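Residue-level structure breakdown
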Amino acid sequence: MPRVLVIDDDRAVANTVRLLMEADGYSVVIAGDGAAGMKEIETSAFDLAIIDIFMPGMDGLKTIKAIRQQNRKTPIIAVSGMMPSSATGQSLDGLSVASNFEAVVCLRKPFQPSELRQTARRLIASATLGKEPVQSAARAATAEAVTTS
């Protein structure tokens, strides 16, 4: 049974993702922030991590970077719905930054349950076959939006 780690400070979102993944036969562990997620990763193997970008404490970008610095090849789905403004008043897009990390696919909240499920299946299958994940339509749209702004 594939194991999925969900790192999200919003318990409602984390529990919804858990229910979707469990319905597809995955075993799911939830961590409320990046530090708790890193403790889980250091003690257990996961087939997929679903990580929220904006969280208090150790945010999603720092968590993804820490996972990659440990040479962990765990496929990651980065999710985000809120775009806090910077001091200059410009909207920050954590998903565009996350897309630069290896084996990270980005989904913007609110995403469709089918989109999350299909992406999870594809990433786990790609990792099992040793292939790099194919860029998702959501990731491509994010990259296009960033380059046209």
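Here's what I pulled together on the structure shown here. This structure is a prediction, so every number in the text was calculated from the model and none was measured. (Residues numbered from 1 in each chain as written. Predicted model: local features only at pLDDT ≥ 70, side-chain atom pairs only at ≥ 80, totals over all residues. Heavy atoms only, no water.)

**Comments concerning the sheet that holds strand 4 (residues 76-80)**
Applicable threshold: At least two bridges found by DSSP between two strands is the condition for calling them paired. Working definition: helices are DSSP H or I runs of at least four residues, strands are E runs of at least two. Numbering for both runs from the N terminus. To obtain an axis, a line is fitted to C-alpha atoms, over the contacting stretch when the element is a helix, and the angle between two such axes runs from 0 to 180 degrees between their N-to-C directions. In what follows, residue pairs with any heavy atoms lying within 4.5 Å of each other are defined as contacts.
If you trace the five strands from one edge of the open sheet to the other, you get 2-1-3-4-5, paired in parallel fashion. Either end of the sheet is taken by a strand with one partner, and the two such strands are strand 2 (27-31) and strand 5 (104-108). Sheet twist, expressed as the average angle between the axes of neighbouring strands with direction ignored, equals 20°. Two elements, strand 1 (residues 3-7) and strand 3 (residues 48-52), share four bridges in a ladder whose sense is parallel. Bridge pairing in strand 3 links Ile7 to Ile51. Seen against the sheet, helix 3 (residues 60-69) touches strand 1, strand 3, strand 4 and strand 5 and runs at an angle of roughly 150° to strand 3. Each of strand 3, strand 4 and strand 5 is contacted by helix 5 (residues 113-129), which is oriented at about 180° to strand 5, the strand it contacts most.

**Points about the environment of Arg108**
Cut-off, in case you're wondering: Residue burial is assigned from relative accessible area. The probe radius is 1.4 Å, only protein chains are included, and a residue is buried under 20% of its type maximum, exposed over 50%, and partly exposed in between.
Locating Arg108 in the fold gives a position in strand 5. Classification of Arg108 by relative accessible area gives partly exposed; the value is 30%. A C-alpha to C-alpha distance of 9.9 Å links Arg108 and Asp52, two positions 56 residues apart in sequence.

**Side note on the pairing of strand 5**
Side-chain direction in a regular strand flips from residue to residue, so the side chains alternate between the two faces of the sheet. For strand 5, the buried fraction is high: four of the five residues fall into the buried class. Both strand 4 and strand 5 contribute to a ladder of five bridges, which runs parallel. When the bridges of strand 5 are listed, Ala78 appears paired with Cys106.

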